[in-house]
Each structure stands twice: as C-alpha cells, then as structure tokens.
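Fold and geometry: a report
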Amino acid sequence: MKAMTLKLCGMEVGNESPFFLIAGPCVVESESLALDTAGKLKEITDRLKIPFIYKSSFDKANRSSHNSFRGLGIDKGLQILALVKKSIGVPILTDVHEDTPLKEVAEVVDVFQTPAFLCRQTNFIQNVARIGLPVNIKKGQFLAPWDMKHVVAKAKATGNTDIYVCERGVSFGYNNLVSDMRSLAILKETGCPVVFDATHSVQLPGGQGDASGGQREFVPVLSRAALAVGIAGLFMETHPDPDKALSDGPNNWPLDKMESLLEILKAIDKVVKNG
C-alpha cells in the first residue's frame with residue numbers, strides 16, 4: 001500500500017517525499033540546553049533543507065529506575081518547549097503518557113508521540129488521537145510490524161487520519177534490540193508515513209542494571225540502512241555531550257556530528273526516491 005502524503009506542521013511528508021527529521025535531547029534538562037540545541041539543529045536543517053521538528057520530553061515515565069531523571073515536569077517543561085517554539089521558530093514534538101493532561105500539552109506542542117510500551121493500550125491511543133494533533137505511534141519492542149495495522153485502525157477510528165508509525169527495534173533476548181529493515185517496508189502497508197527511530201534502536205534496555213545502555217556507534221549504520229529503504233522520517237535524539245546527558249546518553253548522537261551524518265543521509269534519500 002502506498003502511503004498518502006500528509007501535511008505535517010506545514011510540510012508535505014510521505015514515504016516517497018524527502019525525509020523529515022525529528023531530533024533533540026531525550027528530556028528537557030534546562031532552558032539553555034533546549035534553546036542552544038534547537039537553535040543549532042535549525043541552523044543545520046535550514047542549511048541542508050531538511051524539514052525539522054524539535055523533540056524533547058517534559059516527563060519520561062518509562063525509566064529503568066525510579067531514581068532516574070525524568071525531566072523538569074509538565075509546568076516547567078512545557079514553559080521551556082513553548083519558549084523554544086517561539087524563539088527558534090520550530091514545531092515541537094513531545095511524549096505523552098496515560099496520565100498526561102492532553103489538552104494542556106496540545107496548547108503548546110504540534111505533534112504527540114506515544115511510547116512504544118503503550119502501543120497496545122486502546123483507550124490511551126484513542127484518547128491521544130481524539131485531540132486531533134498528528135500522532136507518531138512507536139511500535140512496541142514486543143510487536144510484529146504487521147500487527148501495527150490494528151494500532152493504526154484504533155487511532156484512525158477516532159477520525160484522526162494524521163497518524164505516523166515509528167520503528168524502534170524489537171527485543172532480541174535480554175537487554176538487546178535489533179532492527180529488521182523488512183519491518184519498515186511492512187509498516188508501509190498501514191498506509192501511514194513511516195518513521196525510523198535511529199537512536200532508541202541502538203539502546204540496550206536495562207543494560208546497565210538500573211539504567212539502559214546503548215551503542216551509539218551504530219546510529220549511522222542503522223540510519224543509512226533505514227533511509228535506503230525509503231521512509232518518511234528519521235527520529236534521532238542528540239545532545240551536545242551525550243556522556244553527560246541525563247537520559248539515554250549512551251544512545252544519543254553527538255550534536256557536533258549531526259550535520260556530517262545528515263549530509264550523507266540526505267544523499268541516500270535523494271538517490272532512493274529519485275532512482
């Protein structure tokens with residue numbers, strides 16, 4: 001099934017259109033980090049003419065330990081995301097959870113993202129979709145790609161057709177994920193634009209005991225492979241100093257290496273879609 005072309009934050013996107021980028025730090029750590037990172041990413045994507053959506057979470061509920069940093073909370077987090085949107089002039093994507101006040105968050109952000117672990121929760125998926133914003137639904141690490149058609153059907157049953165499906169790897173034994181690139185082709189059968197999460201796909205869930213590990217050196221490998229399939233969007237968490245990031249540092253891609261990687265990915269995307 002050929003995916004439709006959709007309008008996302010004023011951009012035309014689809015599996016046959018030039019790819020768009022979702023990027024930013026995993027969580028909102030501080031106002032200065034958010035503004036600096038968003039500003040740098042906008043400079044890079046403007047220069048490369050890559051459509052860009054800034055991503056950061058005001059609350060990261062699915063942490064390995066209750067002692068892990070989850071973000072600055074909804075009030076301060078949304079305040080900073082609103083400032084980024086106004087000051088930098090970029091659309092905003094953030095994670096929402098079952099207890100998130102969706103209408104309040106929708107007043108600030110442009111795109112909702114649902115965590116992979118919650119993709120089978122019918123009430124949650126439909127409550128998020130009913131708000132009417134575009135929704136990026138992450139496929140569960142436990143789910144076959146062909147089963148995402150049921151998740152999409154639940155979301156679209158609300159009348160919201162602005163739905164995206166996101167691959168982030170599948171569980172392979174303990175504390176490991178693998179990315180099956182066939183999944184990206186299968187996900188196209190949902191009729192939705194497909195997004196590949198290049199950084200969570202190299203995560204080692206719980207791999208450090210009370211925290212998740214990661215193999216960020218494989219982010220370029222998987223990113224290049226995903227763009228070669230022909231997809232709508234790429235999701236990539238980035239940080240100026242990943243080793244000091246307060247969440248998902250081991251699989252964050254360094255901000256100072258983003259431009260060189262995106263140049264390669266843009267070239268691959270162009271060959272695939274114009275070939």
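Residues numbered from 1 in each chain as written. Predicted model: local features only at pLDDT ≥ 70, side-chain atom pairs only at ≥ 80, totals over all residues. Heavy atoms only, no water.

**Considerations on the overall build of the protein chain**
Condition: By definition, any uninterrupted DSSP run of H or I lasting at least four residues is a helix, any uninterrupted run of E lasting at least two residues is a strand, and each is numbered from the N terminus. The reference for a compact globule is 2.2 Å times residues^0.38; the radius of gyration itself is calculated from the C-alpha atoms. Partly exposed residues are those whose accessible area sits between 20% and 50% of the maximum for their type, while under 20% is buried and over 50% is exposed, using a 1.4 Å probe and protein chains only. Contacts were defined at the residue level, with two residues in contact if any of their heavy atoms lie within 4.5 Å. Accessible surface area values rest on a Shrake-Rupley calculation with a 1.4 Å probe, where residue burial reflects the displayed protein chains alone. Positive charges come from Lys and Arg alone, negative charges from Asp and Glu alone, with His and the N- and C-terminal ends not counted. For the purpose of locating charges, the reference atoms are NZ of Lys, CZ of Arg, CG of Asp and CD of Glu.
The helix and strand tally for the protein chain stands at eight helices and 15 strands. Relative to the globule expectation of 19 Å for 275 residues, the C-alpha radius of gyration of the protein chain, 17 Å, shows essentially globular dimensions. Overall size of the protein chain, expressed as C-alpha extent along the three principal axes, is 40 × 40 × 40 Å. The buried share of the protein chain, taken over its 275 residues, is 56%. Of the contacts made within the protein chain by residues no fewer than 6 positions apart, 70% connect residues no fewer than 24 positions apart. If you sum the accessible surface of the protein chain, you get close to 11500 Å²; carbon and sulfur atoms cover 52% of it. With 31 positive and 31 negative side-chain charges, the protein chain shows a spacing of 5 Å between the two charge centroids.

**Section: the packing of aromatic side chains**
As a reminder of what qualifies: Stacked, tilted and edge-to-face are the three classes assigned to paired rings of Phe, Tyr and Trp, where Trp is represented by its six-membered ring and a pair needs centres within 6.5 Å; plane angles under 30 degrees give stacked, over 60 edge-to-face, the rest tilted. The rule is short: NZ of Lys or CZ of Arg within 6 Å of the ring centre and within 35 degrees of the ring normal puts a charge over the ring.
According to the stated counting rule, one finds one aromatic pair in the structure shown. Pairing Phe 20 with Tyr 164 gives two aromatic rings, centres 6.4 Å apart and planes at 85°, and the pair type is edge-to-face. With a gap of 144 residues between them, Phe 20 in strand 3 (residues 20-24) and Tyr 164 in strand 8 (residues 163-167) connect regions that are remote in the sequence. By relative accessible area, Phe 20 is classed as buried at 1%. Positioned above the aromatic ring of Phe 235, the side-chain terminus of Lys 138 is 4.3 Å from the ring centre.

**Focus on the state of the cysteines**
Quick note on the threshold: A pair of sulfur atoms, both from cysteines and within 2.5 Å, is called a disulfide here.
Tallied over the entire structure, the rule returns zero disulfides. Cysteine Cys 119 remains unbridged, with the sulfur of Cys 166 as its closest cysteine sulfur at 11 Å. We classify Cys 119 as buried; its relative accessible area is 0%.

**Looking at the packing of helix 1 (residues 31-48) against helix 2 (residues 74-88)**
Quick reminder of the rule: In this analysis an axis means a line fitted to C-alpha atoms, helices contributing only their contacting stretch, and an angle means the value between N-to-C directions, from 0 to 180 degrees. Left-handed describes a crossing in which the near helix is turned anticlockwise from the far one by less than a right angle; the clockwise case is right-handed.
The contact between helix 1 and helix 2 brings their axes to 10 Å, and the two run at 35°. Every pair of crossing elements has a handedness; the one defined by helix 1 and helix 2 is right-handed. The segment helix 1 lies against helix 2, with Glu 31, Ala 34, Leu 35, Ala 38, Gly 39 and Lys 42 engaging Ile 80, Leu 83, Val 84, Ser 87 and Ile 88.

**So, the pairing of strand 8**
Applied cut-off: One bridge is not enough; two strands pair if DSSP finds at least two bridges between them. Crossover handedness is defined here as right-handed if the route from the first strand over the helix to the second strand goes clockwise, with the strands pointing away from the viewer.
Summarising burial for strand 8: five of the five residues are buried, a large majority. Judged by which residues are buried, strand 8 turns out to be covered on both faces: Ile 163, Val 165 and Glu 167 on one side and Tyr 164 and Cys 166 on the other are all buried. Sheet analysis places strand 7 (residues 135-138) next to strand 8, joined by four bridges and oriented parallel. Residue pairing across strands places Val 135 opposite Ile 163, the latter belonging to strand 8. In this fold, the crossover linking strand 7 to strand 8 by way of helix 5 (residues 148-156) has right-handed handedness. Two elements, strand 8 and strand 11 (residues 194-197), share three bridges in a ladder whose sense is parallel. Across the sheet, Cys 166 pairs through a bridge with Val 195, a residue of strand 11.

**Overview of the nonpolar core**
Note the following rule: For the purposes of this section, nonpolar cores are sets of buried Ala, Val, Leu, Ile, Met, Phe, Trp, Tyr and Cys residues that join through side-chain atoms within 4.5 Å.
In terms of nonpolar packing, the biggest core is built from 63 residues, with Tyr 54 and Met 258 touching the most fellow members. With residues near it in sequence (within four places) discarded, Met 258 still touches Leu 21, Ala 23, Leu 41, Ile 44, Met 236, Thr 238 and Trp 253. Ranked by size, the runner-up nonpolar core spans 14 residues in total, among them Val 13, Ile 22, Leu 93 and Val 111.

**Quick word on the pattern of salt bridges**
Convention followed: The term salt bridge refers to a pairing of a side-chain nitrogen on Lys or Arg with a carboxyl oxygen on Asp or Glu at a separation within 4 Å.
Tallying each qualifying case throughout the model produces eleven salt bridges. In this structure, the salt-bridge partner of Arg 216 is Asp 243, at a minimum N-O distance of 3.1 Å. Residue Arg 216 is found in the loop between strand 13 (213-214) and helix 7 (219-229), and its partner Asp 243 is found in the loop between strand 14 (233-239) and strand 15 (253-254); the two are separated by 27 residues along the sequence. On the accessibility criterion, Asp 243 (65% relative accessible area) is exposed. Through salt bridges with shared partners, a single network forms among Lys 55, Asp 95 and Glu 237.

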